[in-house]
Amino acid sequence: MKAASSWSGIWALTLGVSGLMIAEFLPAGLLTSLASDLKISEGAAGQAVTATSIFAVIASLLVAYLTRKYNRRTVLLWLSSCMAISSLVVAAAPNLPVLLAGRALLGIALGGFWSMSTAIAIRLVPAESVPKALSIIFGGASFAALLAAPLGSFLGDFIGWRNVFTLAALMGAVAFIWQYVALPSLSPTGEVKLRTTWDVLKIPNMLVGLVAINLAFGGRFASLTYMKPFLEQITMLKSSGVSLSFLIFDLAFFLGTLIAGRLITRSLRYGLTFAPLVLAASSLGLIAFGSQVVPTVLLLIIFGAAFAPIPVAWSTWTANTAPESTETAGGLYVASVQLSAAVGAMLGGVAFDSIGSKGVFWMSGLSWGLSALVVFLFIGSALEQIRGAKGEQWQGH
């Protein structure tokens, strides 16, 4: 049994991951003012998000190996300090190169911290509480990602984009202090070699699971990226109606995270198959009834709640599938999510330009349906062996 104070460590991890996600997506809500101040195009300013994603993918794959000899608490504190420093660099950036340098540093912090969070959570709480701990961490991260752009836009209008990033740096500093106080010493566990990533990829079902992760999150990033034009063009909502719709969606997602851990404890299959099927059905519903306000709002509620279990379910699955290499498996999970963000937004843009906003939801629905199908065909039989609630898979961690 772990010490009760370890739950403070879980919340410290949650604040760290949430701060990283907010910092990652802040430029989306500050793009116009940021570009104007630095005298660059909005397209160039948008590369601030791209730079972060690229370095996050690289860091998520390499950090476990590069820091294999260091205490995990120390590594997390290093990464949290990088988060704070990166936002300060961006806040003071006089030009695009300095801006991108700050964003690259954020990517290193994001990929490294997020990829290690599952492995650290396993060591902080009792085995039977792991799904609950992961739902707190990944629920907070996903909610922060949804909140970042509108929050940045709102604050930017009042205090300017540079001060918004200064606040993000302050959040990083608070996360650092909380982790310093709450996290116990965590010596490295297991043996991490340069080829460990390849060894984990060769584990049965791991590669096909990563494909399913890409499909699940690709549908999410595509649909959320183009949700606003759908509500404006199909549902015919004005600006206030769109903002209210996003608020309803965010609240539904938040409520979903409150029960996600309990659902995953009872059935991992729910998060891996049933939830994406609900999302696919919701996409079809929006295509069919998106011109009507009430059905659209109801579908957005389902949409938000149904996605909440997916990050928890897949992070649990990756840790179970590679129990001796949880940090490396976590890195592969994060790399897949970051890659799906880029691919989902890109293919969503192709669908939007070719067919319109409904085309994006056709694509997202197909992506979620394929994710559930991959799990059913290749992973489903193995799910019965995973007992998150009883903690067999966490032994030795």
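See the structure above.
The notes below deal with the structure included here. These figures come from a predicted structure and were not determined experimentally.

**Some remarks on the overall build of the chain**
- Scanning the chain from terminus to terminus reveals 15 helices and zero strands.
- Relative to the globule expectation of 21 Å for 397 residues, the C-alpha radius of gyration of the chain, 20 Å, shows essentially globular dimensions.
- Considering only C-alpha atoms, the chain reaches an extent of 55 × 50 × 35 Å along its principal axes.
- With 397 residues in all, the chain has 55% of them scored as buried.
- Here the analysis covers contacts within the chain between residues at least 6 apart in sequence; of these, 85% occur between residues at least 24 apart.
- Within the structure as shown, the chain displays about 16400 Å² of accessible surface, and the carbon and sulfur contribution to it stands at 69%.

**Some points on the side chain of Ser115**
- Structurally, the position occupied by Ser115 is in helix H4 (residues 96-124).
- A residue is classified by how much of its surface remains accessible, and Ser115, at 2% relative accessible area, is buried.
- A distance of 2.9 Å separates a polar atom in the side chain of Ser115 from the backbone oxygen of Gly112.
- Setting aside its immediate chain neighbours within four residues, Ser115 contacts Ser60, Glu327, Gly330, Gly331 and Val334.

**Some thoughts on the packing of aromatic side chains**
- Under the defined criterion, the tally for this structure stands at twelve aromatic pairs.
- Ring centres of Trp114 and Tyr333 lie 6.2 Å apart, and the angle between their planes is 85°; this geometry places the pair in the edge-to-face category. In this pair, Trp114 sits in helix H4 while Tyr333 sits in helix H14 (residues 326-355), placing the two residues 219 residues apart along the sequence.
- Under the relative-accessibility criterion, Trp114 is labelled buried at 6%.
- Geometrically, the ring pair formed by Phe217 and Phe307 is edge-to-face, given 5.6 Å between the ring centres and 90° between the ring planes. Here the residue Phe217 occupies a position in helix H8 (residues 206-225), and Phe307 occupies one in helix H12 (residues 293-307), the gap between them amounting to 90 residues. Across the pair, exposure class does not vary: Phe217 and Phe307 are buried alike.
- Taking NZ or CZ as reference, Lys132 lies 5.1 Å from the ring centre of Trp7, over its face.

**Structural notes on the pattern of salt bridges**
- Per the counting criterion, the structure on display carries two salt bridges.
- The salt bridge partner of Asp37 is Arg162, with a shortest N-O separation of 3.0 Å. Within this pair, whereas Asp37 is found in helix H1 (residues 6-38), its partner Arg162 is found in helix H6 (residues 161-182), the two being separated by 125 residues in sequence.
- Judged by its relative accessible area of 25%, Arg162 is partly exposed.
- Across the pair Lys202 and Asp199 runs a salt bridge whose closest N-O atoms are separated by 4.0 Å.

**Concerning the environment of Ala23**
- In this structure, Ala23 sits in helix H1.
- Accessibility expressed as a relative area gives 2% for Ala23, which makes it buried.
- In the structure, Ala23 is positioned 121 residues away from Ala144 in sequence and 9.2 Å away in space, judged by C-alpha atoms.
- Discounting chain neighbours no more than four positions away, the residues touching Ala23 are Ser87, Arg103, Leu106 and Phe165.

**Thoughts on the side chain of Thr67**
- Secondary-structure assignment places Thr67 in the loop between helix H2 (42-66) and helix H3 (72-91).
- For Thr67, a relative accessible area of 11% corresponds to the buried category.
- Sequence-distant contacts of Thr67, that is, excluding residues within four places in its chain, are made with Arg72 and Val75.

**Focus: H12**
- The first and last C-alpha atoms of H12 sit 21 Å apart over 15 residues, in line with the 21 Å expected at 1.5 Å per residue.
- Those residues of H12 that sit buried are Thr296, Leu299, Leu300, Phe303, Gly304, Ala306 and Phe307. Viewed end-on, H12 has its buried residues packed into an arc of 165°, placing them on one side of the element. Facing away from the buried side of H12 by over 90 degrees, the exposed positions are Val294 and Leu298.

**Observations regarding helix H10 (residues 239-266)**
- For H10, built from 28 residues, the straight-helix expectation of 40 Å at 1.5 Å per residue is met to within 8% by its first-to-last C-alpha distance of 40 Å.
- Along H10, the sharpest kink reaches roughly 45°, centred on Ile259.
- Three or more residues of H10 are buried, namely Gly241, Val242, Ser245, Phe249, Asp250, Ala252, Phe253, Gly256, Thr257, Ala260, Gly261 and Ile264.

**Here's the deal with unusual backbone geometry**
- Of note in the backbone geometry, Asn205 takes a positive phi value of approximately 80° without being a glycine.
- If you trace the backbone, Asn205 turns up in the loop between helix H7 (196-201) and H8.
- In this structure, Met236 is a non-glycine residue whose phi angle is positive, near 65°.
- Note that Met236 resides in the loop between helix H9 (227-233) and H10.

**Digging into the nonpolar core**
- Grouped together as the largest cluster of nonpolar side chains are 107 residues, with contacts concentrated most on Met21, Trp114, Phe217, Trp314 and Tyr333.
- When residues of this core are assigned to their parent elements, the largest contribution, 14 residues, is made by H1.

**Some details on the packing of H8 against helix H13 (residues 309-321)**
- As a packed pair, H8 and H13 sit with axes 11 Å apart at the nearest point and diverge in direction by 170°. In this view, H8 runs roughly antiparallel relative to H13, as classed from their interaxial angle. Note on element contacts: H13 touches H8 through Ile310, Pro311, Trp314, Trp317, Thr318 and Thr321, opposite Met206, Gly209, Ala212, Ile213, Ala216 and Phe217.
- Along the lines of polarity and charge, the residues of the contact of H8 with H13 split into nine nonpolar, three polar and no charged.

What counts, and where the lines are drawn
- Along each chain, residues carry numbers from 1 onward, in the same order as the chain's sequence is written.
- Totals for whole chains, interfaces and linings use every residue, but because this is a predicted model, local features are given only for residues with pLDDT of at least 70 and side-chain atom pairs only at 80 or more, for both listing and counting.
- Hydrogens and water are ignored here; the side-chain numbers use all heavy atoms of the structure.
- The helix count covers DSSP runs of H or I at least four residues long, the strand count covers runs of E at least two residues long, and both are numbered beginning at the N terminus.
- For this measure, only C-alpha atoms enter the radius of gyration; the expected value for a globule follows 2.2 Å times N^0.38, where N is the number of residues.
- Note on classification: 1.4 Å probe, protein chains only; a residue is buried when its accessible area is under 20% of the maximum for its type, exposed when over 50%, partly exposed between these limits.
- Between two residues, a contact is recorded if the distance between any of their heavy atoms is within 4.5 Å.
- With residues, only the protein chains shown are counted as cover, and all accessible areas are computed by Shrake-Rupley using a 1.4 Å probe.
- A 3.5 Å cut-off defines polar contacts: any pair of N or O atoms within that distance qualifies, except that in protein one atom must be a possible hydrogen donor and the other a possible acceptor, and neighbouring residues in sequence count only when both atoms are side-chain atoms.
- Any Phe, Tyr or Trp ring, taking Trp's six-membered ring, that has another such ring centre within 6.5 Å forms a pair; planes under 30 degrees apart are called stacked, those over 60 apart edge-to-face, and the others tilted.
- By the criterion adopted, a ring carries a charge over it if an Arg CZ or a Lys NZ lies within 6 Å of its centre and within 35 degrees of its normal.
- Any Lys or Arg side-chain nitrogen found within 4 Å of a carboxyl oxygen on Asp or Glu counts as a salt bridge.
- In this analysis, the expected span of each helix is defined as 1.5 Å times one less than the number of residues it contains.
- The directions considered for the arc are those from the helix axis to the C-beta atoms.
- Bend at a residue means the angle formed by two fitted axes: the first through the 7 residues ending at that position, the second through the 7 residues beginning there.
- Each nonpolar core is a collection of buried residues, namely Ala, Val, Leu, Ile, Met, Phe, Trp, Tyr and Cys, held together in the definition by side-chain atoms within 4.5 Å.
- Axis definition: a line fitted to C-alpha atoms, over the contacting stretch in the case of helices. Angles run 0 to 180 degrees between N-to-C directions.
- By definition in this entry, angles of less than 35 degrees are roughly parallel, angles greater than 145 are roughly antiparallel, angles of 65 to 115 are roughly perpendicular, and the rest are oblique.
- Gly falls in the polar group here, along with every residue not listed as nonpolar (Ala, Val, Leu, Ile, Met, Phe, Trp, Tyr, Cys, Pro) or charged (Asp, Glu, Lys, Arg).

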